[in-house]
Protein chains: 2
Amino acid sequence: MISDKKVNIINAAIKSFSHFGYKATTMDQVAKIAKVGKGTIYTYFSTKEELLKVIIHKMAVEMRKIATEAVTTGDDFVANFNAVLHAVTQFQEEHELIIKLSQEVKEIGTPEVIEALQDFENEICAFIEMKINLAIERGELKECNPKITAFLMYKMYINLVNDWKERYDSLDKDEIASLINLYFIHGIGSEE
Amino acid sequence: MISDKKVNIINAAIKSFSHFGYKATTMDQVAKIAKVGKGTIYTYFSTKEELLKVIIHKMAVEMRKIATEAVTTGDDFVANFNAVLHAVTQFQEEHELIIKLSQEVKEIGTPEVIEALQDFENEICAFIEMKINLAIERGELKECNPKITAFLMYKMYINLVNDWKERYDSLDKDEIASLINLYFIHGIGSEE
DNA sequence: CAATCGACCAAAATACTATTTTAGTCATAT
DNA sequence: ATATGACTAAAATAGTATTTTGGTCGATTG
């Protein structure tokens with residue numbers, strides 16, 4: 001059974017990281033929000049960095065869970081791909097933390113945060129890669145390098161969610177899903 | 001006729017920016033490489049930033065020229081798309097400057113460089129957008145939002161050239177061209 | 001006299017120091 | 001046995017002195 005205090009600490013840290021970023025969050029702050037003594041945090045997490053990594057990892061696990069649940073056995077890759085995209089784009093709060101941390105990386109380049117987000121990317125890409133491999137075996141996708149494909153899918157998602165909105169208006173969830181579907185699965189070459 | 005000295009200054013600046021980056025390049029340095037007095041630079045360019053912008057703009061113009069020349073009238077979008085990609089990926093020296101400046105943005109975020117690279121991206125994307133529009137009119141591409149499509153094509157290229165190599169081995173020019181062709185034009189959904 | 005130059009200057013960047021903040025510890029309290 | 005918060009060493013920040021550098025302009029030259 002997971003300690004009540006540990007859960008409080010994690011939630012407090014998520015709240016503070018999302019709000020102020022990693023660097024600007026102090027352990028005193030986290031202790032205060034979690035309503036525990038600062039020392040207590042260190043009985044569960046050895047460093048501030050570990051606290052961040054645990055949170056990011058939990059987030060990746062949860063995304064994987066959400067994605068896995070969105071998959072309908074029997075449906076093909078494309079249908080499931082859209083279902084997963086739709087499910088994943090729902091989780092606004094999870095996204096807030098990731099977006100805040102991404103901003104921090106861009107603005108001040110905190111090394112611990114760079115590493116944590118890299119881990120997150122790797123976990124997500126590994127999951128996509130696995131699904132792509134299965135789909136290729138089943139003949140639902142063309143032969144292609146699964147690692148590169150997973151990487152580009154993830155990046156296209158990020159490009160659409162984070163980078164496009166900096167230039168023009170931000171796109172809504174369904175638009176993003178349908179764009180990835182158009183470009184990635186079907187391609188824009190006219191069929192003959 | 002363009003002054004000899006102006007050309008020297010531009011070439012000196014390209015060399016120094018590529019080698020040391022924008023911030024670490026001093027105007028004394030540029031003057032020395034160009035073998036002109038520092039004051040002379042200011043008869044051609046009002047500020048260091050303008051010097052950078054002129055160089056970046058020239059580069060965008062040259063890329064557009066290269067791309068335009070690679071296009072064979074009569075060939076369809078896909079064939080020309082590959083020809084352009086191939087031609088563009090040849091220009092190693094031009095790329096070195098852009099890559100160095102991109103690194104500088106990631107590492108120290110020099111505002112003038114952020115802006116200059118943004119301008120470059122906009123010019124390149126505007127060109128791609130125009131070509132996409134033509135191709136859609138001719139029925140060589142499916143209906144799609146040309147601005148988003150151009151943006152994503154450019155980004156995928158950057159993802160492959162810059163970001164992939166940070167994680168794994170860097171890809172060679174032909175690989176990159178064929179990957180973009182695969183994902184973008186054909187898609188990886190299995191044809192039925 | 002038109003173009004070039006480089007010593008010069010104000011402003012910005014950097015190095016250095018003093019001060020404050022904070023991650024992490026540990027003796028004490030519950 | 002656990003939790004705590006005062007404590008400390010190290011890191012971050014603020015403040016200051018020094019150096020560097022973008023940009024000017026009067027002197028120079030062809």
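Quick caveat, the model's predicted, so the values are computed rather than measured.

## Let's talk about the environment of Gly187(A)
- Along the chain, Gly187(A) turns up in the segment after helix H9 (173-186).
- Assessed through its relative accessible area of 0%, Gly187(A) is described here as buried.
- Not counting the four nearest positions on each side in its chain, Gly187(A) is found in contact with Leu182(A), Lys142(B), Tyr183(B), Phe184(B), Ile185(B), His186(B) and Gly187(B).

## Focus: the domain arrangement of chain A
Residue and element names in this part refer to chain A.
- What the domain assignment reports for chain A is domain 1 (1-45) and domain 2 (48-186).
- Taken together, the two surfaces of domain 1 and domain 2 that pack against each other cover about 1500 Å², and 76% of this comes from carbon and sulfur.
- Broken down residue by residue, the surface that domain 1 buries against domain 2 is led by Phe17, Tyr22 and Phe45, which jointly contribute 47%.
- Where domain 1 packs against domain 2, one counts zero salt bridges.
- The interface formed by domain 1 and domain 2 includes five residue pairs in polar contact (both at pLDDT 80 or more).
- Of all the elements, helix H1 (residues 4-20) adds the most residues to the side of domain 1 that touches domain 2, at eight residues.

## Brief notes about the layout of surface pockets
Residues and elements named next belong to chain B.
- Volume-wise, the second largest pocket comes out at about 770 Å³.
- Lining the second largest pocket are 36 residues, and of these Ala67, Val84, Val88, Phe127 and Ile128 lie nearest its centre.
- Of all elements in the fold, only helix H4 (48-70), helix H5 (77-89), helix H6 (92-107), helix H7 (111-137) and helix H8 (146-167) reach the threshold of two or more residues within the lining of the second largest pocket.
- For the lining of the second largest pocket, the element with the most residues is H7, which contributes eight residues.
- In terms of residue class, the lining of the second largest pocket is built from 23 nonpolar, six polar and seven charged.

## Notes on the protein's contact with DNA strand D
- The immediate surroundings of DNA strand D are formed by 16 residues, with Gly37(A), Thr40(A), Met27(B), Lys38(B) and Lys48(B) found nearest.
- Close to the protein, within 4 Å, the atoms of DNA strand D are drawn from sugar and phosphate at a rate of 61%.
- At a separation of 3.3 Å, a phosphate oxygen of DNA strand D approaches a polar backbone atom of Thr25(B).
- Here a base oxygen of DNA strand D and a side-chain polar atom of Lys38(B) are 2.4 Å apart.

Reading guide: rules and limits
In this convention, every chain numbers its residues from 1, walking through the sequence in written order. Chains carry letters and ligands carry numbers; both start at the beginning, A for chains and 1 for ligands, and go up in the order they are written. Thresholds applied to this predicted model are a pLDDT of at least 70 for local features of residues and 80 or more for the giving and counting of side-chain atom pairs; totals over whole chains, interfaces and linings are not thresholded and use all residues. Excluding hydrogens and water, the side-chain figures rest on all heavy atoms present in the structure. Helix and strand labels come from DSSP, where a helix needs a run of H or I of at least four residues and a strand needs a run of E of at least two; each type is numbered from the N terminus. Burial classes: relative accessible area under 20% of the type maximum marks a residue as buried, over 50% as exposed, and values in between as partly exposed (1.4 Å probe, protein chains only). Residues are treated as being in contact if the distance between any of their heavy atoms lies within 4.5 Å. Domain boundaries shown here were taken from an automatic or database domain assignment. Accessible area that two parts lose when put together, evaluated with a 1.4 Å probe and summed over both, is termed the buried area. Put simply, a salt bridge is a Lys or Arg side-chain nitrogen that is within 4 Å of an Asp or Glu carboxyl oxygen. Two N or O atoms form a polar contact when they lie within 3.5 Å of each other; inside protein one atom must be a possible hydrogen donor and the other a possible acceptor, and for residues adjacent in sequence the pair counts only when both atoms belong to side chains. With a 1 Å grid spanning the protein atoms alone, the term cavity applies to any set of points in which a 1.4 Å probe fits but cannot get out, the term pocket to an open set with protein on both sides within 12 Å along at least five of seven lines, and the term lining residue to any residue with an atom within 4 Å of a point. Grid points are joined across faces, edges and corners, and a volume is the space filled by probe spheres set on the points. When residues are sorted by character, Ala, Val, Leu, Ile, Met, Phe, Trp, Tyr, Cys and Pro go into the nonpolar class, Asp, Glu, Lys and Arg into the charged class, and all the rest, Gly among them, into the polar class. Residue proximity to a molecule or strand is established when one non-hydrogen atom of the residue lies within 4 Å of it.

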